[in-house]
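Structural characterization, general
The chain contents come next:
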Amino acid sequence: MSRGVPSAKSSWVLLFLVLVGAVLGRLIGSFAANIPALKWLNYGDSFGITNPLVVDLGVFSLTFAFTIHFTIACILGIVIAFIIYRLL
């Protein structure tokens, strides 16, 4: 396999693996919140647009909101996704 410029396919694979890693990390962090020894995995913070921005045009309205919630488990999931990508 060539290690030159990544193809579009490998970029999509990387994006998919990072999203899966983030979601699985968040899920594991949520489950770990109930276990006292693993509670630190659920430590994190949120940022983004928490109050939705509403654009009312009379005929239709658009609502925009975007929030990202990172936890330690989520970041670990993303790091593991990068490691798996490098091994592929």
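Residues numbered from 1 in each chain as written. Predicted model: local features only at pLDDT ≥ 70, side-chain atom pairs only at ≥ 80, totals over all residues. Heavy atoms only, no water.

**A word on helix α2 (residues 72–87)**
For α2, spanning 16 residues, the distance from its first C-alpha to its last is 23 Å, which sits close to the expected 22 Å at 1.5 Å a residue. Buried residues of α2: Ala-73, Cys-74, Gly-77, Ile-78 and Ala-81, and no others. Buried positions in α2, seen along its axis, are confined to an arc of 145° and lie on one side of it. Exposed residues pointing more than 90 degrees away from the buried face of α2 are listed as Arg-86 and Leu-87. (Helix = DSSP H or I, 4+ residues; strand = E, 2+ residues; numbered from the N terminus. Expected span 1.5 Å × (residues − 1). Buried < 20%, exposed > 50% of the residue type's maximum accessible area, 1.4 Å probe, protein only. Arc of directions from axis to C-beta.)

**Comments concerning the pairing of strand β2 (residues 61–71)**
Bridge count between strand β1 (residues 44–56) and β2: 10 bridges; the pairing is antiparallel. Bridge pairing in β2 places Leu-53 opposite Phe-64. The turn joining β1 and β2, which pair antiparallel and follow one another in sequence, is formed by 4 residues; a positive phi near 85° is taken by Gly-58. (Pairing = 2+ DSSP bridges.)

**Describing the environment of Gly-21**
By the element assignment, Gly-21 lies in helix α1 (residues 8–32). Along the primary structure Gly-21 and Ile-84 are separated by 63 residues, whereas in three dimensions their C-alpha atoms are 10.0 Å apart. Setting aside its immediate chain neighbours within four residues, Gly-21 contacts Cys-74, Gly-77, Ile-78 and Ala-81. (Contact = heavy atoms within 4.5 Å.)

**Thoughts on the confidence of the model for the protein**
Per-residue pLDDT for the protein has a mean of 86; in total, 90% of the residues score no lower than 70. By mean pLDDT, the top-scoring element of the protein is α2 (92), and the lowest-scoring one is β1 (87). (pLDDT = per-residue confidence, 0-100.)

**Quick notes on a nonpolar patch on the surface**
On the surface, Leu-53, Val-55, Leu-57, Val-59, Phe-60, Leu-62 and Phe-64 cluster together into a nonpolar patch covering about 670 Å² of accessible area. Sorting the residues of the nonpolar patch by element identifies β1 and β2 as the ones contributing at least two each. Relative to the elements of secondary structure, Leu-57 occurs in the loop between β1 and β2. (Patch = residues over 30% accessible without salt bridge, like charges linked within 9 Å, V, L, I, M, F, W, Y side chains within 5 Å. Areas by Shrake-Rupley, 256 points an atom, 1.4 Å probe, with all protein chains shown as cover. Salt bridge = Lys/Arg side-chain N within 4 Å of Asp/Glu carboxyl O.)

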